[in-house]
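# A look at the structure
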Amino acid sequence: MAKLFRAAIMGPPGSGKGTICKRIAQSFDLQYLSSGHYLRESIAANTEAGVLVRSYVERSMMVPDHVMTRLMLPRLEQLIGQSWLLDGFPRTLSQARALNSLCQLDLVISLNIPYETLRERLSNRWVHAASGRVYNMGFNPPRVKGKDDVTGEALIQHDDDKPEALLSRLRYYKDVAKPVMDLYKSQGILHAVSGTDTDRIWPYINSLLSAKMHIQPSGAFQTQTPP
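Treat the numbers as computed from the prediction; the structure is a model and nothing was measured.

Another aspect to go through is the nonpolar core. Core analysis: the biggest nonpolar cluster contains 32 residues, and Leu76, Trp84, Leu86, Phe89, Leu99, Leu105 and Tyr184 have the highest contact counts within it. Taken together, the elements giving at least two residues each to this core come down to strand E1 (6-10), helix H2 (35-45), helix H3 (48-57), helix H4 (65-78), strand E3 (84-87), helix H5 (93-102) and helix H7 (163-186). Beyond its immediate stretch of four places on either side in the chain, Leu86 contacts Ala7, Ala8, Ile9, Cys21, Leu33, Met72, Leu76 and Leu99.

In the numbering used here, UniProt assigns the feature "binding site: GTP" (unreviewed entry) to Gly14, Ser15, Gly16, Lys17, Gly18, Thr19, Arg125, Val134, Tyr135 and Thr198. Within the element layout of this structure, Gly14 appears in the loop between E1 and helix H1 (17-28). Excluding anything up to four places from it in sequence, Gly14 contacts Leu118, Arg121, Leu122 and Arg125. Among the structural elements, Lys17 can be located in helix H1. Beyond its immediate stretch of four places on either side in the chain, Lys17 contacts Ile9, Met10, Gly11, Pro12, Asp87 and Leu111. Here the side chain of Lys17 touches Gly11 through a polar contact of 3.2 Å, landing on its backbone oxygen.

The next thing to look at is the packing of aromatic side chains. Enumeration over the complete set of coordinates arrives at zero aromatic pairs. Lying over the aromatic face of Tyr56, Arg59 brings its terminal NZ or CZ to 5.2 Å of the ring centre.

Here we come to the layout of surface pockets. Gaps left between atoms are located by rolling a probe of water-molecule size over the structure's atoms. Taken as a whole, the second largest pocket holds about 230 Å³ of empty space. Along its surface, the second largest pocket is lined by 13 residues, and Pro12, Ile113, Leu170, Tyr173 and Lys174 are the ones closest to its centre. Counting residues per element, the ones that place at least two in the lining of the second largest pocket are strand E4 (107-112), helix H6 (115-123) and H7. Of all the elements, H7 adds the most residues to the lining of the second largest pocket, at six residues. Across the lining of the second largest pocket, the residue classes tally to nine nonpolar, two polar and two charged.

Next up on the list: the UniProt feature "domain: Adenylate kinase active site lid" (unreviewed entry) in the protein. Following the UniProt record, one finds the feature "domain: Adenylate kinase active site lid" (unreviewed entry) at residues 125-160. Helix makes up 0% of residues 125-160 and strand 17%, with an end-to-end C-alpha separation of 11 Å.

Turning our attention to the side chain of Asn100. Examined against the element boundaries, Asn100 turns out to sit in helix H5. Of the residues examined, Asn100 reaches a relative accessible area of 17% and is grouped as buried.

For the bond running from Phe89 to Pro90, omega is 0°, close enough to zero to count as cis. With respect to the secondary-structure elements, Pro90 resides in the loop between E3 and H5. The backbone of Asp29 shows a phi angle near 60°, a positive value even though the residue is not glycine. Mapped onto the secondary structure, Asp29 falls in the loop between H1 and strand E2 (31-34). For Asn46, which is not a glycine, the phi torsion comes out positive at approximately 55°.

With that settled, the discussion passes to the sheet that holds E2. Spatial ordering of the open sheet is given by E2-E3-E1-E4-E7, a layout of five strands whose pairing is parallel. In the strand order of this sheet, the two ends are held by E2 and strand E7 (190-194), each with one partner. Here the strands of the sheet are splayed against their neighbours by 20° on average, with no regard to which way each runs. Bridge count for E2 against E3 is four bridges, and the pairing is parallel. Residue pairing across strands places Leu33 opposite Leu86, the latter belonging to E3.

Cut-offs applied
- Residues numbered from 1 in each chain as written.
- Predicted model: local features only at pLDDT ≥ 70, side-chain atom pairs only at ≥ 80, totals over all residues.
- Heavy atoms only, no water.
- Core = buried A, V, L, I, M, F, W, Y, C linked by side-chain atoms within 4.5 Å.
- Buried < 20%, exposed > 50% of the residue type's maximum accessible area, 1.4 Å probe, protein only.
- Helix = DSSP H or I, 4+ residues; strand = E, 2+ residues; numbered from the N terminus.
- Contact = heavy atoms within 4.5 Å.
- UniProt positions renumbered as here; feature names shortened; annotations may be inferred.
- Polar contact = N/O pair within 3.5 Å; in protein donor to acceptor, adjacent residues only side chain to side chain.
- Phe/Tyr/Trp six-rings, centres within 6.5 Å; stacked < 30°, edge-to-face > 60°.
- Lys NZ or Arg CZ within 6 Å of the ring centre and 35° of its normal.
- 1 Å grid on protein atoms, 1.4 Å probe; cavity = no way out; pocket = protein on both sides within 12 Å on 5 of 7 lines; lining within 4 Å.
- Points joined across faces, edges and corners; volume = space filled by probe spheres on them.
- Nonpolar A, V, L, I, M, F, W, Y, C, P; charged D, E, K, R; others polar.
- Pairing = 2+ DSSP bridges.
- Axes fitted to C-alpha atoms, helices over the stretch in contact; angles between N-to-C directions.

As structure tokens, then:
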């Protein structure tokens with residue numbers, strides 16, 4: 001029986017969530033929903049939520065739960081009849097509970113990446129601030145050093161991507177993510193994936209999604225009916 005499919009991906013900074021999400025979305029015909037994209041879009045559009053978001057971003061503060069849910073839930077309500085993959089939301093237990101009040105997720109993937117791998121990735125990560133495009137000087141460098149491929153504008157490195165800030169970011173992530181993972185584990189939908197290289201963990205993720213979904217020749221999909 002045809003059914004909507006909703007999934008989310010979790011992972012610490014530098015875990016490769018964006019890369020994995022794009023592969024999943026392309027391979028399984030899921031709409032990719034990035035909270036970071038919605039944050040930047042709301043700021044650029046100067047919406048009521050965007051003004052609130054900007055006030056926290058400009059002070060390098062985490063956007064609080066009530067602002068994130070105010071931003072994300074109306075977007076998800078507009079997509080109530082579609083299948084999608086969430087990146088960056090929910091981050092906290094409060095956000096997860098708010099999402100549960102709107103819809104139930106079918107799958108949550110948690111990326112477990114060793115500290116040294118995260119440190120190396122983030123120290124080489126440069127970002128185009130306006131679009132959120134991410135480059136890595138080790139394996140995904142820009143065509144022109146220090147310049148965005150699309151606009152030619154300068155790339156930046158966030159202060160919190162630098163090694164001295166990474167440990168505190170990881171501690172914060174673990175503190176807020178554990179209750180969220182516990183919730184999804186209790187619901188039987190959490191799957192942890194460990195590794196150091198995106199290309200090496202992709203086959204497992206691909207197999208996991210294939211086991212949860214059945215791809216039809218038309219490109220549509222169904223969830224498998226339990227025996």
